Amino acid sequence: MRLTFLLMLLYLSVLVPAFGQQARIELGKSPLPINTYFTVSIRLQDQQLKDYSPFPEIEGFKKSNRFSSTKTVIAGGKTTTVLTITQNYAALAEGDYELKPFSMTVNGQPLKSAGMKIKVGPMAAVSPKEPELVIPEQPEQGEAKPQEYVDQEDNAFLTLYTDKKEVYVGEGLNIVLYFYLAEADQRLLDFHDFGNQITGILRQLKQPNAWEEVFEIDEVTPEQVLVQGEPYLRFRLYEAVLYPLTTEPLHFPKLSLRMLKYKVAVDPTLLEDRMEGYKTFFAREHLIPVKELPPHPLRDMVPVGEYTLREGLSSQSVPLNKSFRYMFELEGEGNLAAIMPPSPTTTGTLDFYPPDLQQDITLRAGRVQGVKRFTYSVLGRVPGTYNLANDFQWIYFNPVTATYDTLRSELSVTVTGIAEAGTMVLARDLGPFYKIIENEDHTLVSLYEEKVIKRYTNIILLVLLALSGFIFIKYRNIK
């Protein structure tokens, strides 16, 4: 009894850490250059993200943007999904810092981190270039009349950024809705009823004929940027990458955002030095033409993007009728989630079974990148050396070069051994006669059935003849 109890405790001690790994906190690396973000991430496995508490504040750092990545693995019919939400932190100066122990609540589950020491060193590379901005003209405001509160001019604007002026069908378009506010005017403006307003804005931005990959934004935090040499705070309100499915243009209507606008007291000694008002900001309308792909027999079926091929074999030489593994991995930028498994050519010499899938997609810096890996189990039926380029050819359209390209396997496999006669027959095309076998009746019929019927027929005839003779003789004796 005691032994059983100890075994149960050991079993539970193994299970508890496994359950705990369904959600955890991951910290970035140290040391790091001052122009590189330190990161704090929450990682969830096979869970939907419902809610989570704010990321911690780090002394000497300022919160920057946030991004998400999703990794999907399908193996043996089982699907595993890992979602990672990452918060970037920008260091304010070089030096040694400490992230103190902290806890977060994710989907109602408390998660703890022991913190770490962070060392920030000199700059290592040039910061990425900011996107071009379209700054709308602000309406001129007349001179303020002497009064208790005056309406000061603000330097702020709402803009919808798109990274391309036109796209092909299936090509990604990054769109970001920004609100810019001059640092000197922070006291003049504030968000008003933002939750309801952004819901209406998202409905206007929704494109019915496009696949949408939305970037994770749970907390609107400002970024410090320069606009025409002046310091501004930039608020990222919405970001997505759209993949148009038809040639219908992407239409983004004129957007509006109502903000609280404060009037400033003429006499700064007043107890109420500001008075609330409202001001509406507008982002101009956008129309993005969508171009049809160039003529090609598979124009309506090929994926669009920039991809490279990585492949691998579990063994380059395998015995006859022994399975091996072939990995076909696509890496690059595009709508990876919509890519279907490549269908190998059926030759009868190599049997390919449905692949396991592993997908790792990251949404970051306005781009959707990642890898999609298909791992096939293969069985060699006939000895020989086979070039897998005859079985795997993957065609796609590259929107950067505006050309179609084909990724071909560069590997070969050798199947060793001596084939049986039946195997050689199965590997050849036996013609149309054998192709109808599957549609024909396969009930077994005895080859001696006709002889058996004939034998029983003769016996019956003899019995009838004997019966007739008996009746004839009996009738004659009666007379």
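The structure displayed is predicted, hence computed values, not measured ones.

Basis of the calculations
Residues numbered from 1 in each chain as written. Predicted model: local features only at pLDDT ≥ 70, side-chain atom pairs only at ≥ 80, totals over all residues. Heavy atoms only, no water. Helix = DSSP H or I, 4+ residues; strand = E, 2+ residues; numbered from the N terminus. Buried < 20%, exposed > 50% of the residue type's maximum accessible area, 1.4 Å probe, protein only. Contact = heavy atoms within 4.5 Å. Pairing = 2+ DSSP bridges. Patch = residues over 30% accessible without salt bridge, like charges linked within 9 Å, V, L, I, M, F, W, Y side chains within 5 Å. Areas by Shrake-Rupley, 256 points an atom, 1.4 Å probe, with all protein chains shown as cover. Salt bridge = Lys/Arg side-chain N within 4 Å of Asp/Glu carboxyl O. Polar contact = N/O pair within 3.5 Å; in protein donor to acceptor, adjacent residues only side chain to side chain. Core = buried A, V, L, I, M, F, W, Y, C linked by side-chain atoms within 4.5 Å. Expected span 1.5 Å × (residues − 1). Arc of directions from axis to C-beta. Axes fitted to C-alpha atoms, helices over the stretch in contact; angles between N-to-C directions.

Here we come to the overall build of the protein chain. When you go through the protein chain residue by residue, the secondary structure sums to 5 helices and 32 strands. Of all 479 residues assigned to the protein chain, the portion counted as buried reaches 36%. Taking the intrachain contacts of the protein chain between residues at least 6 apart in sequence as the baseline, contacts between residues at least 24 apart amount to 73%.

Attention now goes to the sheet that holds strand 6 (residues 95–99). Taken in spatial order, the 3 strands line up as 2-9-6 in an open sheet, and their pairing is mixed. On the outer flanks of this sheet lie strand 2 (32–33) and strand 6, each paired with one strand and no other. Where strand 6 and strand 9 (residues 116–121) come together, 5 bridges link them in antiparallel fashion. Within the sheet, the bridge partner assigned to glutamate 98 lies in strand 9 and is lysine 117.

Attention now goes to the side chain of threonine 39. Assignment of secondary structure puts threonine 39 in strand 3 (residues 38–45). On the basis of relative accessible area, threonine 39 is assigned to the buried category, the value being 19%. Residues within four places of threonine 39 in sequence aside, it is in contact with Glu26, Leu27, Gly28, Thr86, Gln87 and Asn88.

On the surface, Val452, Tyr456, Ile459 and Val463 cluster together into a nonpolar patch covering about 370 Å² of accessible area. Position of tyrosine 456 among the secondary structure elements: in helix 5 (residues 449–478). The class for tyrosine 456 is exposed, based on a relative accessible area of 53%.

What follows concerns the side chain of glutamine 359. One can find glutamine 359 in strand 27 (residues 356–364). The buried category is assigned to glutamine 359, whose relative accessible area is 12%. A distance of 3.1 Å separates a polar atom in the side chain of glutamine 359 from a polar atom in the side chain of lysine 372. Not counting chain neighbours up to four residues away, the residues in contact with glutamine 359 comprise Thr70, Lys71, Thr72, Val73, Leu336, Ala337, Val371 and Lys372.

For the bond running from serine 30 to proline 31, omega is 5°, close enough to zero to count as cis. Its place among the elements puts proline 31 in the loop between strand 1 (23–27) and strand 2. Positive phi is not limited to glycine here, since aspartate 193 has a value of about 50°. Checked against the element boundaries, aspartate 193 lands in the loop between strand 14 (189–191) and helix 2 (194–205). Phi at asparagine 321 is positive, roughly 65°, even though this residue is not glycine. Judged by its relative accessible area of 37%, asparagine 321 falls in the partly exposed class.

Grouped together as the largest cluster of nonpolar side chains are 32 residues, with contacts concentrated most on Leu158, Leu177, Phe179, Leu189, Leu237 and Phe252. When residues of this core are traced back to their parent elements, those giving at least two are strand 11 (156–162), strand 13 (173–182), helix 2, strand 17 (230–244), strand 18 (250–252), strand 19 (255–265) and strand 20 (274–283). In terms of residue count, strand 17 provides more of this core than any other element does, 6 residues in total.

To continue, consider helix 2. Given a rise of 1.5 Å per residue, 12 residues ought to cover 16 Å, and the 16 Å separating the end C-alpha atoms of helix 2 matches this to within 8%. All buried positions along helix 2 are accounted for by Gln197, Ile198, Gly200, Ile201 and Leu205. All buried residues of helix 2 fall inside an arc of 160° around its axis, so they share one side. Looking at helix 2, the residues exposed on the side facing more than 90 degrees away from the buried face are Asn196 and Arg203. Against the buried residues of helix 2 lie strand 11, strand 13, strand 17, strand 18 and strand 19.

Time to look at the sheet that holds strand 24 (residues 317–319). Overall, mixed pairing links the 3 strands, which are arranged 24-32-29 in an open sheet. Each edge of the open sheet carries a strand with a single partner, namely strand 24 and strand 29 (384–387). The mean inter-strand angle of the sheet, taken between neighbouring strand axes irrespective of direction, is 25°. Where strand 24 and strand 32 (residues 412–416) come together, 3 bridges link them in parallel fashion. Counted as the bridge partner of serine 317 is threonine 414 from strand 32.

Counting across every chain of the model gives 19 salt bridges. Lysine 261 is the salt-bridge partner of aspartate 154, the closest N and O atoms lying 2.9 Å from each other. Remark: lysine 261 occurs in strand 19 and aspartate 154 occurs in the loop between strand 10 (149–150) and strand 11; sequence separation between them is 107 residues. What makes lysine 261 buried here is its relative accessible area of 4%. Here the residues in one salt-bridge network are Asp151, Asp154, Lys261 and Lys279, joined through shared partners.

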